[in-house]
Structure formats: structure tokens, C-alpha cells
Amino acid sequence: MMTACTDNDSFSSSTGNRLTFSEDTVRFDTVFSTVPSSTQTFWVRNESNDGIRIVTARLERSNQSGYRVNVDGTYLDPVGSDFEVRKGDSLLVFVEVTTRENHADEPQLVEDNLIFQLESGVQQRVNLRTFSWDAIRLDSLVVRQDTMIETSRPVVIYGDGIRVEENATLTIRNTTLYFHDGAGITAYGNVVAENTLFRGDRLDRMFDYLPYDHISGQWRGITLHSHSGDNRFFNCEIRNAVDALMCDSTSLYLFNTVVHNSSGEGLSARHSDVYVEYCQFSNTYGDCLSFYGCEAIVEHSTLAQFYPFSANRGAALRFANTKLPMLLDCRWTLATGYADDVVMGEVVENADSLFDYHFADCMLRTPVVEDSLRFERVIWETPKDSVQGKEHFVLVDEENLIYDFALDSISPAFQNGIGRMPIPAEPDVNAAGRRTLPVGWAQRRHIKR
């Protein structure tokens with residue numbers, strides 16, 4: 001017993017004895033400057049036949065790079081000393097970083113080395129590297145007058161997010177908004193967005209193969225309340241929210257916009273006027289697109305219900321009457337998904353309101369409905385079709401959660417001009433360069449009986 005103890009506790013200052021590291025380089029994903037990163041870890045192992053003493057562990061740039069290191073429970077401030085690693089043993093190292101502002105529009109490399117000085121005089125190092133991106137930070141912003149957000153830098157939003165008060169319009173152009181967990185947009189005024197990406201603020205990964213950007217429920221989403229009345233989204237993407245877009249007693253126009261990967265609803269509208277064209281609604285735990293007591297037009301859009309995290313997912317399209325009439329006109333639109341029936345029309349008992357709808361030149365994954373007045377030139381998709389479900393699309397990678405819902409050329413929808421197709425011409429713009437509602441919008445709202 002004394003011999004074994006002596007062997008385990010023997011230490012050598014031979015230069016031939018070296019530490020090994022589980023990672024030679026600790027790489028962080030891109031981080032926003034001034035915002036703390038997630039924590040990375042790696043192991044320091046002694047695979048030699050003797051113990052090794054670490055005289056000091058330090059960051060080469062001291063405290064100038066923004067990295068913070070904890071070695072075996074000891075925080076380096078900026079140096080730690082007198083670590084022992086017995087043969088066959090190991091130490092766990094934790095690394096975080098908070099970078100300074102770079103004063104540049106593009107992400108900048110921030111690098112340092114963690115240096116281990118051994119008793120033998122040997123120095124060993126692990127490289128630490130990340131890219132730091134300067135961002136504009138907004139914390140519980142309240143918009144009380146007409147406001148424009150347009151910037152090439154990322155905008156990171158914390159707290160409750162953005163609140164647009166009644167009679168104010170928030171315009172967002174050519175910008176990416178990164179929402180922290182729990183943040184979102186709540187509008188009692190109007191929201192006009194052009195060429196804007198709405199997403200969560202996690203730039204790191206859940207696993208090596210899985211970025212957080214592929215995970216739903218990263219931020220709260222956008223809610224449009226009854227006092228708003230002129231909400232427009234042109235060439236936008238809203239992804240990875242809880243409830244991506246919720247509308248109550250308002251008007252909404254969506255053009256060439258993608259709503260993808262929500263842990264709740266995609267677009268859910270109640271008692272609202274909604275016009276959707278050249279849009280994609282995909283992969284939501286709730287319904288991809290739902291209307292309750294609305295007047296709605298949907299044209300040239302793709303509704304793809306392939307939410308990967310639950311078999312109890314909602315419909316691709318749901319519409320129902322309430323105390324107000326449900327009027328739906330749906331044209332050149334593809335509605336498909338995993339389930340055999342992804343289109344749900346629901347008449348509410350005792351609602352005593354009109355329930356009327358019309359589908360033309362659509363492809364629908366739902367049982368055939370024998371009604372030539374309400375369903376004109378409809379292709380009824382079934383699981384037995386040679387091309388059906390996810391086979392319509394360029395890429396559905398369920399293992400890595402990578403999706404491209406552009407229509408594949410083999411798809412009957414593509415061949416018949418159904419679904420979200422390339423936009424045939426530049427949209428109408430007004431004198432200020434803003435996308436305008438289509439000519440005849442008021443007349444088109446009258447649903448074909």
C-alpha cells in the first residue's frame with residue numbers, strides 16, 4: 001500500500017512529461033460585443049507515468065482580451081498557481097468571454113492563449129478564439145412616435161422587447177433584429193418591416209451539429225393588437241419564435257415573407273383583415289396559418305407542416321368562424337405536411353355568423369371535398385402519391401433540422417405554378433419607395449360566394 005501511494009504521489013520535473021488537452025483550440029461561435037458568452041469546457045489530462053506540477057496558468061494577454069478562465073475551481077485573476085495533476089488524473093477548465101466593442105461593422109477575431117507553465121520549465125498552451133460583433137442594444141424600448149430602425153449592425157433586444165404605442169408607426173428596414181429570451185414586439189400602433197430578419201439572439205450551438213438558430217421558441221414573437229391598423233411585412237423572415245405572428249382585430253399584409261419554426265403558432269389572426277402573397281409558413285407546433293372570424297386572402301404561398309419536435313403538431317391551414325364571419329379566398333397555394341389531413345375548416349356551433357371559403361388552383365393534403373363551387377381545379381394530395389409531403393421541396397433534413405422549402409422541379413405543385421413561386425416582377429412601390437397594397441385590394445376582399 002505504501003508503494004502504491006508513493007507511485008501515485010510521485011512528481012517528475014522531466015521535460016519529457018507533458019500534459020494533453022481534450023481541445024488544442026477552444027472556439028466560440030460569434031458573440032456580440034459586451035454580451036457574455038456561454039461557457040466552454042475542456043480537459044487537461046496527465047497520461048504520463050508521473051505526476052506533473054503546473055507552476056502557473058495564465059492568459060497571455062492578461063485581462064485585455066475579455067476571456068475568463070477557471071482551472072479546477074480556481075479563477076485566474078489573471079494568474080493561477082500551484083496545480084497538481086497526478087498520473088492518470090485530469091483537471092476541468094471553464095472558459096467564457098465578454099469582448100469589448102470593435103468599432104467595426106463586421107465581426108472581428110478576438111484571440112488569446114491560455115499558457116500552462118510546468119515545473120520542468122515547459123510551456124504548453126491552448127488557443128482561445130472567437131469572433132466579436134458590435135451590436136446595437138435595445139432594452140424594453142417604447143415607441144411613442146413614428147420611428148425608423150435601419151442599420152447594417154445587428155440589433156439585440158432585451159427585456160420586454162419593443163412596445164409600439166397607439167398612433168405610432170415603427171418602420172424597420174434592411175436590418176436584423178436579435179431577440180433575447182422573452183423579448184418580442186407588442187404593437188398597439190403599426191409595424192412596417194422591409195427586408196428584415198427577426199430571430200433569436202443565440203449565435204452558439206446546442207450541440208456541435210445543431211445551432212440554436214435551428215431550435216424553435218428562442219424569443220416571444222410579434223403581437224399586433226386591435227388599435228393597430230396598417231401592418232405590413234415585405235421580404236421578411238420571422239423564425240424560431242414562440243408565437244411568431246399574432247393578430248387581433250387589425251389588418252395585416254404579408255408579401256414574400258417566411259414564418260418558420262415556431263414552438264407555438266405561425267400566423268394566427270382573429271377578427272382581422274389579412275392578405276398573404278408569395279409567403280411561406282412552415283414547421284410550427286401549433287398551426288402554420290390560422291384564421292378565426294377573418295376576411296383573408298392567401299395567394300401563391302406554401303404551407304408546410306413538418307414541425308420536428310412533436311407528433312401532436314397543428315394544421316398547415318385552419319380557419320373558423322366566430323362571432324364574426326369567416327371569409328377565405330385561397331389561390332395557387334400548397335398546403336402539405338406529415339399528417340394525412342392538414343387543412344381544417346371548422347364551423348363554430350351557435351356562432352350565427354357566415355362561414356364561406358373558396359379554393360382555386362391549389363394543392364391540398366386533405367380528403368377530397370365534392371364541392372365544385374368552393375374547390376376549383378384543386379389537386380388533392382395523398383400519402384400514396386409518387387411525389388408528396390416533404391418530397392415537394394429542395395431539402396428536408398430532419399436529422400440536422402435544415403430545411404429549404406423552395407419547390408423542387410419534380411413537384412407537381414411546381415409544375416402547375418402552385419405554392420410560393422419566384423416573384424414575377426418588382427412589386428408596386430409608392431413615391432417614398434415603400435411597397436404598396438395591390439390595386440383593387442378593397443374589391444378583392446369580397447370573397448367569391
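It should be emphasised that the depicted structure is a prediction, and the values quoted were computed from it without experimental measurement.

Visitor: Let's hear about the overall build of the protein chain: which residues, and what values?
Guide: A count of helical and extended segments in the protein chain gives 3 helices and 41 strands. Relative to the compact-globule value of 22 Å for 449 residues, the protein chain shows a C-alpha radius of gyration of 28 Å, a clear excess of over 25%. Across its three principal axes, the protein chain shows a C-alpha extent of roughly 95 × 55 × 40 Å. Here the protein chain holds 449 residues, and 50% of them are scored as buried. Within the protein chain, contacts between residues at least 6 apart in sequence are counted, and of these 56% link residues at least 24 apart. For the protein chain, the exposed area adds up to about 20300 Å²; of that, 46% sits on carbon and sulfur atoms. Distance between charge centroids for the protein chain: 2 Å, based on 40 positive and 64 negative side chains.

Visitor: Could you give me a rundown of the pattern of salt bridges, with the residues and numbers involved?
Guide: Scanning all chains against the criterion turns up 25 salt bridges. Across the pair Asp-213 and Arg-199 runs a salt bridge whose closest N-O atoms are separated by 3.7 Å. With a gap of 14 residues between them, Asp-213 in the loop between β19 (210-211) and β20 (221-224) and Arg-199 in strand β17 (residues 190-200) connect regions that are remote in the sequence. Accessibility assignment for this pair places Asp-213 and Arg-199 in one class, buried. Here Glu-346 and Arg-318 are joined by a salt bridge, their closest N and O atoms 2.5 Å apart. With Glu-346 in strand β35 (residues 343-346) and Arg-318 in strand β32 (residues 317-320), this residue pair connects regions lying 28 residues apart in the sequence. A relative accessible area of 30% places Glu-346 in the partly exposed class. Residue classification places Arg-318 among the buried positions, given a relative accessible area of 17%.

Visitor: Any details on the environment of Asp-248? Residues and values, ideally.
Guide: Tracing the backbone through its elements, the reader meets Asp-248 in strand β23 (residues 245-248). Linking Asp-248 and Glu-165, residues 83 residues apart in sequence, is a C-alpha distance of 15 Å. Sequence-distant contacts of Asp-248, defined by excluding residues within four places in its chain, comprise Leu-224, His-225, Ser-226, Arg-270 and Ser-272. Side chain to side chain, Asp-248 and Ser-249 meet in a polar contact 3.0 Å long.

Visitor: I'd like a rundown of the environment of Arg-318, residues and numbers included.
Guide: Note: C-alpha distance between Arg-318 and Cys-247 (71 residues apart in sequence) is 15 Å. Beyond its immediate stretch of four places on either side in the chain, Arg-318 contacts Asp-287, Leu-289, Ser-290, Phe-291, Tyr-292, Met-344 and Glu-346.

Visitor: Explain the packing of aromatic side chains residue by residue, including any values.
Guide: Taken as a whole and judged by the stated rule, the model has 27 aromatic pairs. Their ring planes at 50 degrees and their centres at 6.1 Å tell us that Phe-28 and Tyr-67 sit as a pair that is tilted. Of this pair, Phe-28 sits in the loop between β2 (25-27) and β3 (31-32) while Tyr-67 sits in strand β6 (residues 67-71), placing them 39 residues apart in sequence. When the centroid spacing of 4.3 Å and the interplanar angle of 10 degrees are considered together, the rings of Phe-179 and Trp-219 count as stacked. Separated by 40 residues along the polypeptide, Phe-179 in strand β15 (residues 169-179) and Trp-219 in the loop between β19 and β20 bring together distant segments of the chain. Pair check on accessibility: Phe-179 and Trp-219 agree, each one buried. Ring pairs connect the aromatic residues Phe-319, Phe-355, Tyr-357, Phe-359, Phe-375 and Trp-380, which therefore count as one cluster. The ring centre of Tyr-292 lies 4.8 Å from the NZ or CZ of Arg-270, which sits over that ring.

Visitor: For the state of the cysteines, give the residues involved together with the corresponding values.
Guide: Simply put, disulfide is the name for a covalent bond between the sulfur atoms of two cysteines. Applying the stated criterion across every chain yields a total of 0 disulfides. With no disulfide partner, Cys-247 has as its closest neighbouring cysteine sulfur the one in Cys-294, 8.1 Å distant. The class for Cys-247 is buried, based on a relative accessible area of 4%. As a non-bridged cysteine, Cys-330 has Cys-362 as the owner of its nearest cysteine sulfur, 4.0 Å distant.

Visitor: Explain the sheet that holds β6 residue by residue, including any values.
Guide: Reading across the sheet, the 5 strands line up as β1-β4-β9-β6-β7 and stay open at both edges, with antiparallel pairing between neighbours. Each having just a single partner strand, β1 (20-21) and β7 (74-75) make up the two edges of the open sheet. Bridge count between β6 and strand β9 (residues 90-97): 5 bridges; the pairing is antiparallel. When the sheet's bridge partners are listed, Val-69 is paired in β9 with Val-95.

Visitor: So what's going on with the environment of Asp-356? Residues and values would help.
Guide: Summarising the element assignment, Asp-356 is placed in strand β36 (residues 355-360). Judged by relative accessible area, which is 6%, Asp-356 ranks as buried. Considering only alpha carbons, one finds Asp-356 and Met-344, 12 residues apart in sequence, at a separation of 13 Å. Of note is the side chain of Asp-356, whose polar atom sits 3.4 Å from the side chain of Arg-374.

Visitor: With reference to specific residues and values, describe the pairing of strand β40 (residues 393-397).
Guide: Examined bridge by bridge, β40 and strand β41 (residues 402-407) share 4 bridges and lie antiparallel to one another. By the bridge assignment for β41, Asp-397 is matched with Ile-402. Two successive antiparallel strands, β40 and β41, enclose a turn made up of 4 residues, where Leu-401 displays a positive phi of approximately 55 degrees.

Conventions and cut-offs
- Residue numbers restart at each chain and count upward from 1, following the sequence in its written direction.
- Residues qualify for local features only when their pLDDT is at least 70, as the model is predicted, and side-chain atom pairs are given and counted only at 80 or more; totals for whole chains, interfaces and linings, by contrast, use all residues.
- Only heavy atoms go into the side-chain values, all of them from the structure, while hydrogens and water stay out.
- Under the scheme used here, helices are H or I runs from DSSP no shorter than 4 residues and strands are E runs no shorter than 2 residues, and both carry numbers assigned from the N terminus.
- The globule rule used for comparison is 2.2 Å times the number of residues to the exponent 0.38, while the radius of gyration itself is calculated over C-alpha atoms.
- Only protein chains enter the accessibility calculation, which uses a 1.4 Å probe; a residue whose area is less than 20% of its type maximum is buried, one above 50% is exposed, and one in between is partly exposed.
- Contact between two residues is taken to exist if any of their heavy atoms lie within 4.5 Å; hydrogens are not considered.
- Only the protein chains shown count as cover for residues, and all accessible areas are computed by the Shrake-Rupley method using a 1.4 Å probe.
- Asp and Glu are treated as the negative residues and Lys and Arg as the positive ones, with His and the ends of the chain left uncounted.
- Here the site of a charge means atom NZ of a Lys, CZ of an Arg, CG of an Asp or CD of a Glu.
- The term salt bridge refers to a pairing of a side-chain nitrogen on Lys or Arg with a carboxyl oxygen on Asp or Glu at a separation within 4 Å.
- Any pair of N or O atoms that falls within 3.5 Å is considered a polar contact. Within protein, one atom must be able to donate a hydrogen and the other to accept it, and sequence-neighbouring residues count only if both atoms are side-chain atoms.
- In this analysis, rings of Phe, Tyr and Trp, with Trp reduced to its six-membered ring, are considered paired at centre separations within 6.5 Å, and the interplanar angle assigns stacked below 30 degrees, edge-to-face beyond 60, and tilted for intermediate values.
- Look at NZ for Lys and CZ for Arg. If either is within 6 Å of the ring centre and within 35 degrees of the ring normal, a charge sits over the ring.
- Note on terminology: disulfide denotes any pair of cysteine sulfur atoms within 2.5 Å.
- Any two strands between which DSSP finds at least two bridges are classified as paired.

Scope: geometric values only; no functional claims are made or implied.
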